Amino acid sequence: WRLTAAADRFFPDGHAELTLSLLAALREAFGEAGLEKLLAARTQEQIVAYQRRVKASDPLTARLDTLARIRTEEGYMAAVERSDGDGFLLIENHCPVCAAARTCQGLCASELTVFRRVLGPDVTVERGDHILAGARRCAYRVRPAGKAGREAGAPSAA
């Protein structure tokens, strides 16, 4: 006999524990600078991979839909909703790397960098809800660059 992939949910998965252990070992061996270098390489890898699928020439709605599809494939249960007239919410209802993100906050910071680069310079992206801050989800406000809340000091997408 052998188990199929459908049975995976009935057996322990050591990915989170392994990831936490590797992050701790990386910090021990290479310090924070080494961890930052690893995160920078991972961020660049994600940007390149996402940009292969998210076409800069597409309308913002298409770019967001494609990004949400990619994130859902990665386990984030992502969705896009309209918000504030010409704005949108990119919502991640699950975080498959939450244990690692609790240990390494740089993962969340790099996620925001990836979204800004992939969606392009014509939009602003701000994190609204954050699981690590106690929210039930992570949600990002995405708006055309000229329409973002300048009075609130919204960062630019660049």
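Rules behind the numbers
Residues numbered from 1 in each chain as written. Predicted model: local features only at pLDDT ≥ 70, side-chain atom pairs only at ≥ 80, totals over all residues. Heavy atoms only, no water. Helix = DSSP H or I, 4+ residues; strand = E, 2+ residues; numbered from the N terminus. Buried < 20%, exposed > 50% of the residue type's maximum accessible area, 1.4 Å probe, protein only. Contact = heavy atoms within 4.5 Å. Areas by Shrake-Rupley, 256 points an atom, 1.4 Å probe, with all protein chains shown as cover. 1 Å grid on protein atoms, 1.4 Å probe; cavity = no way out; pocket = protein on both sides within 12 Å on 5 of 7 lines; lining within 4 Å. Points joined across faces, edges and corners; volume = space filled by probe spheres on them. Nonpolar A, V, L, I, M, F, W, Y, C, P; charged D, E, K, R; others polar.

**A look at the overall build of the protein**
A tally of regular secondary structure across the protein gives 4 helices and 4 strands. Counting helices and strands in the order they occur from the N terminus, the protein gives α-α-β-β-α-α-β-β. The buried share of the protein, reckoned over its 158 residues, is 38%. In the protein, 48% of the contacts between residues at least 6 apart in sequence involve partners at least 24 apart. Summing over all exposed atoms, the protein offers an accessible surface of approximately 9,500 Å²; the carbon and sulfur share of this is 56%.

**Re the layout of surface pockets**
Considering only enclosed or pocket space, the largest pocket measures out at about 400 Å³ in volume. Lining the largest pocket are 18 residues, with Thr-19, Leu-23, Val-97, Ala-100 and Leu-107 positioned closest to its centre. Among the secondary structure elements, those contributing two or more residues to the lining of the largest pocket are helix 1 (15–53) and helix 3 (98–103). Class assignment for the residues of the lining of the largest pocket results in 15 nonpolar, 2 polar and 1 charged.

**Some points on empty space enclosed by the protein**
Counting across every chain of the model gives 1 cavity of 30 Å³ or more. Here the largest cavity is characterised by a volume of approximately 130 Å³. Lining the largest cavity we find 16 residues, and of these Arg-71, Tyr-76, Val-97, Leu-107 and Glu-111 sit closest to its centre. Every element with two or more residues in the lining of the largest cavity is listed here: helix 1 and helix 4 (106–119). Per-element tally for the lining of the largest cavity: the top contributor is helix 4, with 4 residues.

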